[in-house]
Amino acid sequence: MIAIDRIDPSDIVAPLLREYLAWHLADVESVTGIRISAADELAADLATLGQFAPPSGGLFVARDGDRLVGCVGLRAVAASAGEAAELKRLYVRPETRGQAVARRLLAAALTFAREAKFRTVRLDSFVTMTAAQSLYRAMGFRAVVPFEDTSIPDSHRKHFVFMERAV
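Residues numbered from 1 in each chain as written. Predicted model: local features only at pLDDT ≥ 70, side-chain atom pairs only at ≥ 80, totals over all residues. Heavy atoms only, no water.

Turning next to the sheet that holds strand β1 (residues 2-7). Across the sheet, 7 strands lie side by side as β1-β2-β3-β4-β5-β7-β6; this open sheet has mixed pairing. In the strand order of this sheet, the two ends are held by β1 and β6 (142-144), each with one partner. Within this sheet the neighbouring strands show an average axis-to-axis angle of 30°, counted without direction. Across 6 bridges, strand β3 (residues 67-76) lies against strand β4 (residues 84-92) in antiparallel orientation. When the sheet's bridge partners are listed, A76 is paired in β4 with A85. (Pairing = 2+ DSSP bridges. Helix = DSSP H or I, 4+ residues; strand = E, 2+ residues; numbered from the N terminus. Axes fitted to C-alpha atoms, helices over the stretch in contact; angles between N-to-C directions.)

Below, the discussion takes up helix α1 (residues 14-32). Spanning 19 residues, α1 covers 26 Å between terminal C-alpha atoms, matching the ideal 27 Å at 1.5 Å per step. Every buried residue of α1 is accounted for by A14, L16, L17, Y20, L21, H24, L25 and V28. Down the axis, α1 shows its buried residues gathered within 135° of arc, on one side only. Where α1 is buried, its residues touch α2 (38-47), β3, β4 and β5 (120-126). One or two positions beyond α1, positive phi appears at G33, with a value near 80°. (Expected span 1.5 Å × (residues − 1). Buried < 20%, exposed > 50% of the residue type's maximum accessible area, 1.4 Å probe, protein only. Arc of directions from axis to C-beta. Contact = heavy atoms within 4.5 Å.)

As a further point, take the pattern of salt bridges. If you walk through the whole model with that rule in mind, you get 12 salt bridges. Residue R142 is joined to E164 by a salt bridge in which the shortest nitrogen-to-oxygen separation is 3.6 Å. Pair noted here: R142 is in strand β6 and E164 is in strand β7 (residues 160-166), with a separation of 22 residues, a long-range link. Three or more residues joined by partner-sharing salt bridges are found here, namely E41, D45 and R89. (Salt bridge = Lys/Arg side-chain N within 4 Å of Asp/Glu carboxyl O.)

So, about the side chain of Q133. Checked against the element boundaries, Q133 lands in helix α4 (residues 130-138). A relative accessible area of 6% places Q133 in the buried class. Within the structure, Q133 has its side chain in polar contact with the backbone oxygen of F126 (distance 2.8 Å). In this structure, Q133 is in contact with S125, F126, V127, V161 and M163, ignoring residues within four places of it in sequence. (Polar contact = N/O pair within 3.5 Å; in protein donor to acceptor, adjacent residues only side chain to side chain.)

Another aspect to go through is the packing of α1 against α2. Remark: α1 packs on α2, axes separated minimally by 9 Å, with the N-to-C direction vectors making an angle of 140°. Comparing the axis directions of α1 and α2 gives the class oblique. The interaxial crossing formed by α1 with α2 has right-handed handedness. Contacts from A14, L17, R18, L21 and L25 in α1 reach A38, E41, L42, D45 and L46 in α2. A breakdown of the residues in the contact of α1 with α2 according to their chemical character gives 7 nonpolar, no polar and 3 charged. (Parallel < 35°, antiparallel > 145°, perpendicular 65-115°, else oblique. Left-handed = near helix turned anticlockwise from the far one by under 90°. Nonpolar A, V, L, I, M, F, W, Y, C, P; charged D, E, K, R; others polar.)

Bringing the packing of helix α3 (residues 101-115) against α4 into the picture now. Running from N to C, α3 and α4 cross one another at 50°; their axes reach a closest spacing of 11 Å. For the element pair α3 / α4, the angle class is oblique. Considering the relative orientation of α3 and α4, their crossing is right-handed. In this structure, α3 contributes A102, R103 and L106 to the contact, and α4 contributes L135, Y136 and A138.

A word on the pairing of β7. One ladder, built from 7 bridges, connects β5 with β7; its direction is antiparallel. By the bridge assignment for β7, V121 is matched with R165.

A few words now on the side chain of T96. Mapped onto the secondary structure, T96 falls in the loop between β4 and α3. Each residue touching T96, except ones within four places of it in the same chain, is listed here: I2, V69 and V101.

That is the geometry; function is a separate question.
Listed below in structure tokens is the structure:
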């Protein structure tokens, strides 16, 4: 039975983030020709895990027994004065896909966002992540123009879908 838990930000998610980045950045390179260091991205992610700490953030993991099989983070958007949160790094290990784990992780993050009194949740998704985008749409997200304070460089934005939904 897979359980969804909210955890304090820690490097316990490092193996999941490493897998996600290796998979995602290989896709980015094949589509765009842009090579991004997975090791550098992982180091940056681990250095900023505090953004997912309570009270304005949440880090959720899916466990199958003692094994982590998925994760997602939600953090306050600095420029929004507590109005918006951003979903980051939704990932489910390939062997666990098809069991609604991503849906459950997303639902937990949205419940947390509602309880934390955020008004909107937003995200960015690489264009090839069509299964994730279908899930987001099914859960009420809609495509929007890129956010003013997105970390995605202007030159890369054409390769991303930006979405948001009211909480």
